[in-house]
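So the chains spell out like this:
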Amino acid sequence: MLDNLVQQPKLADRIETKARQLQRNGLFQLFQADKSRFERFKFDLDALTIDLSKHFIDTESVNLLTDFAKQKQLEKKIKSLFTGELVNQSEQRAALHIALRDVTHVYPYEVAIHQQVQGELQQMREFSQAFDQGKITGYDDQSIENIIHIGIGGSELGPKLLYEVIKTENHRTKVHFVSGVDEDALQSLLKRINPATTLCCIASKSFTTEETLLNAVVIKDWLQQNAGDLNWQSQLVGISANPAAMTEFGIAENRQFFIWDWVGGRYSIWSAISLSVVLACGYQQFYEFLQGAALVDKHFYTTTMEKNLPVLLAFLNYNYTQFFHAQTQMLAVYHEKLKYLPGYLQQLFMESLGKQVDMQGKRLQKPTGQIVWGGLGCNGQHAYYQMLHQGQHFIPVDFFVMAADSVANSAHEQHNFTNALAQARALMLGKSAEDNTKYYPGNQPSTTILFAKLDAKTLGLLIALYEHIIYVQSVFLNINPFDQFGVELGKNISATIKQALLSGNYDELDQSTAGLIQGVNSP
Ligand code: F6P
């Protein structure tokens with residue numbers, strides 16, 4: 001009777017108390033308490049092995065997670081994503097990137113959407129065949145040697161990452177990515193390549209992005225100037241959700257590829273935005289990439305909460321950002337071909353979770369997502385790892401490593417492998433020392449993701465995993481991960497400043513900005 005009167009603490013408080021208790025006890029204690037901990041917290045997700053054992057997690061916290069998932073109606077929210085509901089509420093849009101890799105229409109979103117996607121894939125496949133047969137340019141049977149891919153943000157980071165992972169010496173066509181605002185670099189590229197054997201792909205969901213259009217105009221001029229009597233338009237391709245703007249720019253209808261408003265820019269790697277890579281490396285590779293992602297979608301959609309990897313990883317991120325004051329998360333890639341992964345995931349996390357209001361528009365009291373950064377592991381060890389080992393910040397790390405069996409024949413790969421494992425162990429255990437300058441506190445948690453080989457499918461698995469982690473984190477935080485209004489203000493102010501710069505009238509500007517426009521003192 002008395003028991004019934006004792007109130008259970010709120011679930012959120014129990015999660016926080018549990019997190020603090022785990023942190024007080026330390027990571028090493030968790031291994032001592034459970035001899036089968038690695039087996040318990042090591043998961044296989046097709047070609048990935050994911051070790052969560054070096055995290056502040058135990059059976060009791062997983063139980064709390066399942067309660068929390070119920071409280072947050074996570075199952076229902078996952079269904080909403082896969083059904084094509086308007087999960088992006090502020091823009092009244094679905095976020096149906098899962099449809100882009102759902103080739104057999106497994107999930108219950110509209111048939112019409114499935115048909116659109118398959119139609120576009122078919123168009124990409126046919127264009128890729130014509131490309132392989134040298135039937136693209138205005139020049140007779142001329143094969144393309146170079147593709148210039150122009151795009152920025154999600155319209156560049158994804159294709160660039162995919163290309164880096166799957167390109168080989170055997171591919172005769174090279175892709176050059178132009179995203180920055182650097183006229184010298186662009187002109188120097190144009191001097192080195194032959195316009196007759198170059199295809200220019202302009203990738204922009206909106207087709208209004210200034211940086212992309214600035215570069216696109218230069219490219220169009222270059223094609224026009226060099227085409228002679230031939231049709232320069234045959235070598236200009238556009239990928240966008242804005243066909244009218246593509247047409248106005250001069251892209252021929254049979255060179256236009258489409259995405260839709262329900263494909264977020266940072267989720268567009270699965271769409272025709274990756275066309276330049278499809279052409280250079282072959283459609284089959286792209287198909288395998290989509291299949292990798294589809295395997296993760298299936299896992300996410302069908303697996304119970306306590307074994308669902310995006311859910312477990314999102315719960316850890318939630319705990320670390322909300323209770324451990326983690327401001328950042330480091331991504332350490334121990335494979336050169338993954339060098340663009342941290343930058344790619346940085347956009348995915350930070351555009352998605354950098355929010356200040358919840359789904360109801362109410363201001364949030366705490367920071368939402370983490371600052372995501374990182375790079376090549378071994379290089380980082382000789383640069384910023386010092387702060388991970390002895391600085392005062394709590395910094396969870398994700399290690400991406402080729403598995404032991406796959407590194408046997410390469411001294412370089414073995415070096416990567418042993419160093420990744422060494423860093424994860426050092427960060428977990430630390431080291432005691434009488435001399436404080438030699439003391440390592442340890443207790444920095446990490447995820448290790450092993451893969452047997454690094455190919456298109458593996459990359460598909462990796463990226464889809466992170467997409468879903470971010471979605472679950474947003475559900476836990478009750479925020480919209482699919483809009484990005486924060487990027488607008490700077491763009492608008494830049495237009496005002498450009499006007500002031502050209503007119504010499506600074507009345508609209510603050511003192512500092514006006515002063516800076518007036519320039520530096522030349523000595
Ligand atoms: O400014 C941010 C952003 O809108 C990203 O979300 C997007 O990936 C990028 O710019 C490029 O946009 P677009 O594909 O429309 O050129």
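Everything here concerns the structure above.
These notes cover the structure that comes with them. (Residues numbered from 1 in each chain as written. Predicted model: local features only at pLDDT ≥ 70, side-chain atom pairs only at ≥ 80, totals over all residues. Heavy atoms only, no water.)

**Digging into the overall build of the chain**
When helices and strands are counted, the chain shows 21 helices and 11 strands. For 523 residues, the compact-globule formula gives about 24 Å, and the C-alpha radius of gyration of the chain, at 25 Å, lands near that figure. Principal axes of the C-alpha set define a box for the chain whose edges measure 90 × 60 × 55 Å. Across the 523 residues of the chain, 52% fall into the buried class. Considering only contacts within the chain whose residues lie at least 6 apart along the sequence, 74% involve residues at least 24 apart. (Helix = DSSP H or I, 4+ residues; strand = E, 2+ residues; numbered from the N terminus. Rg over C-alpha atoms; globule rule 2.2 N^0.38 Å. Buried < 20%, exposed > 50% of the residue type's maximum accessible area, 1.4 Å probe, protein only. Contact = heavy atoms within 4.5 Å.)

**Structural notes on the environment of Leu 230**
With respect to the helices, strands and loops of the structure, Leu 230 is situated in the loop between α10 (210–226) and β6 (236–240). Linking Leu 230 and Asp 483, residues 253 residues apart in sequence, is a C-alpha distance of 43 Å.

**Observations regarding the pairing of strand β5 (residues 198–203)**
Within β5, 6 of the 6 residues are buried, which leaves the element mostly enclosed by the surrounding structure. Burial along β5 is two-sided: the residues Thr 198, Cys 200 and Ile 202 and Leu 199, Cys 201 and Ala 203 are all buried. Note: strand β3 (residues 146–150) against β5, 5 bridges, orientation parallel. Along β5, the bridge assignment pairs Ile 147 with Leu 199. Running through α10, the crossover from β5 to the neighbouring parallel element β6 is right-handed. (Pairing = 2+ DSSP bridges. Right-handed = clockwise from strand over helix to strand, strands pointing away.)

**Describing the pairing of β6**
Counting buried positions over the 5 residues of β6 gives 5, a clear majority of the element. Pairing analysis gives 4 bridges linking β5 to β6, with the strands arranged parallel. When the bridges of β6 are listed, Ala 203 appears paired with Ile 239. Bridge count for β6 against strand β7 (residues 256–258) is 3 bridges, and the pairing is parallel. Counted as the bridge partner of Ile 239 is Phe 257 from β7.

**Observations regarding the environment of Phe 315**
Mapped onto the elements, Phe 315 comes out in helix α14 (residues 309–322). Residue class for Phe 315 comes out buried when judged on its relative accessible area of 3%. Along the sequence, Phe 315 and Thr 328 sit 13 residues apart, while their C-alpha atoms lie 15 Å from each other. Among residues more than four places away in sequence, those in contact with Phe 315 are Ile 15, Ser 61, Leu 65, Phe 68 and Phe 476.

**Observations regarding the pattern of salt bridges**
Pairs can form between side chains of opposite charge once their charged atoms are near each other. Tallied over the full model, the rule gives 19 salt bridges. With a shortest N-O distance of 3.2 Å, Lys 18 and Glu 60 are connected by a salt bridge. Of this pair, Lys 18 sits in helix α2 (residues 11–25) while Glu 60 sits in helix α5 (residues 59–71); the two residues are 42 residues apart in sequence, bridging distant segments of the chain. Judged by its relative accessible area of 4%, Lys 18 is buried. Residue classification places Glu 60 among the partly exposed positions, given a relative accessible area of 47%. In this structure, Glu 210 engages Lys 498 in a salt bridge whose closest nitrogen and oxygen atoms are separated by 3.4 Å. One end of the pair, Glu 210, is in helix α10; the other, Lys 498, is in helix α20 (residues 488–503), and 288 residues separate them in sequence. The class for Glu 210 is partly exposed, based on a relative accessible area of 44%. Relative accessible area serves as the criterion here: at 44%, Lys 498 is assigned to the partly exposed category. (Salt bridge = Lys/Arg side-chain N within 4 Å of Asp/Glu carboxyl O.)

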